[in-house]
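# Observations on the three-dimensional arrangement
Listed here are the chains, written in short residue letters.
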Amino acid sequence: MNRHTLSTLFAGLLVLAASLSLSACGGSEAQAQDTPKDATPAIPVEAAVVQRGEVSASYAGTTTLEAAEEATVVAKVGGTVAQIYAEEGRVVRAGDALAQLDDTELRYDAEQAEANYEKKQQEFARSQALYDRKLISTDAFDTVKYDLAVLKAGYDIAKLNLDRATLRSPIDGVVAKRLIKVGNTLTPDQSVYVVTNFDPLLAVLYVPENALARIKPGQPAVISADALGGRNFDGRVARLSPVVDPQTGTFKVTVEMRHPGHDLAPGMFSRVSITYDVHKDALTVPRAAILTEDGESAVYVVKDGTAHRVAVSLGYADGDKVEILRGLNAGDRVVTLGQNSLKDGTKVAVVNATPQKVMAAQPPAPQPSV
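Residues numbered from 1 in each chain as written. Predicted model: local features only at pLDDT ≥ 70, side-chain atom pairs only at ≥ 80, totals over all residues. Heavy atoms only, no water.

### Structural notes on the overall build of the protein chain
What counts here: Segments assigned H or I by DSSP are reported as helices when at least four residues long, segments assigned E as strands when at least two residues long, and all are numbered from the N terminus. Classification of residues uses two cut-offs on accessible area relative to the type maximum, computed with a 1.4 Å probe and protein chains only: under 20% is buried, over 50% is exposed, and between them is partly exposed. The criterion used for residue contact is that any of the two residues' heavy atoms lie within 4.5 Å. The Shrake-Rupley method, run with a 1.4 Å probe sphere, supplies the accessible areas, and residue values consider only the shown protein chains as cover.
Each helix and strand counted, the protein chain has four helices and 19 strands in total. For the protein chain, buried positions account for 32% of its 370 residues. When contacts within the protein chain are restricted to residue pairs at least 6 apart in sequence, long-range pairs at least 24 apart make up 73% of them. Of the roughly 22900 Å² of accessible surface on the protein chain, a fraction of 52% belongs to carbon and sulfur atoms.

Below is the structure:
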């Protein structure tokens, strides 16, 4: 290839390179003109609508359940246990037989006392006839009458002891404990059974004195037991003490549950919530929407794709709902997730999705220029 041909080829390559450079510069300027000046991406958030509904105020505490009635049955007479009638878990009525002592000796004592009493009755009848005819003195007649009264008392005691050989429940309830076995020798006043009445069950709370003016008898309460998976049972405030303990600054509140069944039992750890006020038509937002800083509460309200920080006044908190007294209107949308990264005037995109979908909804990161 000669020199002239090489020069011509090199000149053509320079022209082509200049043309490509001008095209590239022109494209960059056009792209810059099409790109908006404010390209800040909207931050994805979740939001909820301010609604009207019922919200209640309550006091919550923990305690262990107690039986309203519980009796420890004791032996009134000594003896050997001959038979067991009631096992643990049996429902009994007041007066039902729980166990039987060997009453052979007591039965003989009662028969002997009865015979002595009947003999003295006959003697008294004869003395009465003689006394009416003035044949015996008043002192002699009074002695027979006194002896008859003594034997009558002895007979009554013998019958009572014979009856006490049958151990009976003093209350309606359920046999909670059996403390004896067949063959045990009992002494008077020895404990033999524990009978518990499950209806009603009581939950006793010690409430701070600042709640004394709000809690009243008859107010509804909800009781739940951790052992039952948090199941709720209805109750009511049965009574409260008007005296505040100066050592603890609390007063005693007794909550009762009637007809609770046998799922709940005395001794169970329970959570108690007493409702002392209800607002029927309150503005409410989810608790997650509330931001608290330096003692002031605020929410972010979404309007035209922009989040605006709004100060609010709070009322009652009820579960996951919070009452709004001032600052919002029904129908407003408040941010419930993602507000910690917001500032007043931040652009937002409401997605109300799972975290995976929120991540997918975020704008992709800018790619490096090639």
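Here the narrative resumes.
### Focus on the confidence of the model for the protein chain
Note: predicted coordinates in regions of low pLDDT should not be interpreted at a detailed level. Basically, it comes down to this: The score called pLDDT rates the predictor's confidence residue by residue, from a low of 0 to a high of 100.
Per-residue confidence for the protein chain gives a mean pLDDT of 85; residues scoring 70 or more make up 85%. Counting interchain partners and residues more than four positions distant, the pLDDT-below-50 stretch residues 1–35 has one contact. A low-confidence stretch, residues 353–370 stays under pLDDT 50, and its non-local contacts, those more than four residues away or across chains, total nine contacts.

### Observations regarding helix α2 (residues 104–132)
Stated precisely, the cut-off is as follows: Helix span is expected to be 1.5 Å times the residue number reduced by one.
Taking 1.5 Å as the rise per residue, α2 with 29 residues should run 42 Å; its terminal C-alpha atoms sit 42 Å apart, in good agreement. Listed as buried for α2 are L106, A110, A113, Y117, K120, F124 and S127. The secondary structure elements touched by the buried residues of α2 are α3 (138–164). In the stretch just after α2, K134 is the one whose phi turns positive, near 65 degrees.

### Re the pattern of salt bridges
Where we set the bar: The term salt bridge refers to a side-chain nitrogen of Lys or Arg lying within 4 Å of a carboxyl oxygen of Asp or Glu.
Under the defined criterion, the tally for this structure stands at 14 salt bridges. We note a salt bridge from E123 to K120, for which the minimum N-O separation is 3.1 Å. Residue E123 and its partner K120 are located together in helix α2, separated by three residues, close to a single helical turn. A residue is classified by how much of its surface remains accessible, and E123, at 27% relative accessible area, is partly exposed. Classification of K120 as buried rests on a relative accessible area of 13%.

### A closer look at α3
Counted at 1.5 Å a residue, the expected span for α3 with its 27 residues is 39 Å, and the 39 Å between its end C-alpha atoms agrees. Along α3, the residues classified as buried are F141, V144, L148, Y155, A158 and L162.

### Examining the sheet that holds strand β8 (residues 185–186)
Within a sheet, neighbouring strands are paired by backbone hydrogen bonds and run either parallel or antiparallel to one another. Definition in use: The criterion for strand pairing is that DSSP finds at least two bridges linking the strands in question.
In space, the four strands of this open sheet follow the order β6-β5-β3-β8, with antiparallel pairing throughout. At either end of the open sheet lies a strand with only one pairing partner, and these are β6 (166–168) and β8. With three bridges joining them, strand β5 (residues 97–101) and β6 adopt antiparallel strand pairing. Paired with A97 across the strands is R168, a residue of β6.

### A few points about the packing of aromatic side chains
What counts, and what does not: Side-chain rings of Phe, Tyr and Trp (the six-membered ring for Trp) are treated as a pair once their centres are within 6.5 Å; stacked means planes under 30 degrees apart, edge-to-face means over 60, and tilted covers the remaining angles. In this scheme, Lys NZ or Arg CZ marks a charge over a ring once it lies within 6 Å of the ring centre and within 35 degrees of the ring normal.
Here the structure, examined in full by the defined rule, presents three aromatic pairs. Note on Y131 and F141: the rings are 4.6 Å apart at their centroids and 10 degrees apart in plane angle, and the pair reads as stacked. Of this pair, Y131 sits in helix α2 while F141 sits in helix α3, placing them ten residues apart in sequence. For Y131, a relative accessible area of 26% translates into the label partly exposed. With relative accessibility at 6%, the residue F141 sits in the buried group. Between the NZ or CZ atom of R214 and the centre of the ring of Y276, over which it lies, the distance is 4.9 Å.

### Looking at the pairing of strand β13 (residues 269–286)
With 13 bridges joining them, strand β2 (residues 51–74) and β13 adopt antiparallel strand pairing. Note on β13: the bridge partner recorded for Q51 is T284. Of the strand pairs in this sheet, strand β10 (residues 220–225) and β13 are connected by five bridges, and their pairing is antiparallel. Note that in β13 the partner of A221 across the bridge is I274. With four bridges joining them, β13 and strand β17 (residues 321–326) adopt antiparallel strand pairing. Bridge pairing links P286 to K321 in β17.

### Digging into the pairing of strand β15 (residues 296–303)
The element β15 is largely enclosed, with a buried count of six among its eight residues. Strand direction decides the pairing type here: strand β14 (residues 291–293) and β15, joined by three bridges, are antiparallel. Bridged to E293 within β15 is E296. Between the antiparallel neighbours β14 and β15 lie two residues, among them D294 with a positive phi of about 55 degrees. The antiparallel hairpin formed by β15 and strand β16 (residues 306–318) contains two residues in its connecting segment, where D304 sits at a positive phi of about 55 degrees.

### Points about the packing of α2 against α3
What counts is decided by this rule: Lines fitted to C-alpha atoms define the axes, with helix axes restricted to the stretch in contact, and inter-axis angles between N-to-C directions lie between 0 and 180 degrees. Should an angle lie under 35 degrees it is considered roughly parallel, over 145 roughly antiparallel, and from 65 to 115 roughly perpendicular; all remaining angles are considered oblique. Left-handed is the label given to a crossing in which the near helix is rotated counterclockwise from the far helix by less than a right angle, and right-handed is the label when the rotation is clockwise. Put simply, Ala, Val, Leu, Ile, Met, Phe, Trp, Tyr, Cys and Pro go in the nonpolar bin, Asp, Glu, Lys and Arg in the charged bin, and everything else, Gly too, in the polar bin.
It is the contact of α2 with α3, at a shortest axis distance of 8 Å, that shows an interaxial angle of 160 degrees. Between α2 and α3, the angle falls in the class roughly antiparallel. In terms of crossing hand, the pair formed by α2 and α3 is left-handed. Among the residues making up the contact of α2 with α3, the classes are represented as 13 nonpolar, seven polar and nine charged.

### Overview of the nonpolar core
How we decide: Definition used in this section: a nonpolar core is a set of buried Ala, Val, Leu, Ile, Met, Phe, Trp, Tyr and Cys residues joined via side-chain atoms within 4.5 Å.
Formed by 31 residues in total, the largest nonpolar core has its most connected members in L98, L101, L167, I180, L186, V192 and Y193. At the level of elements, β2, β3 (79–84), β5, α2, α3 and β9 (191–208) are the ones that each hand at least two residues to this core. When residues in this core are grouped by element, the largest group, six residues, is from α3. Not counting chain neighbours up to four residues away, the residues in contact with V192 comprise V73, V74, A75, L167, K177, R178, L179, I180 and L186. Within the second largest apolar cluster, 20 residues are counted, among which are L201, A203, L205 and L264.

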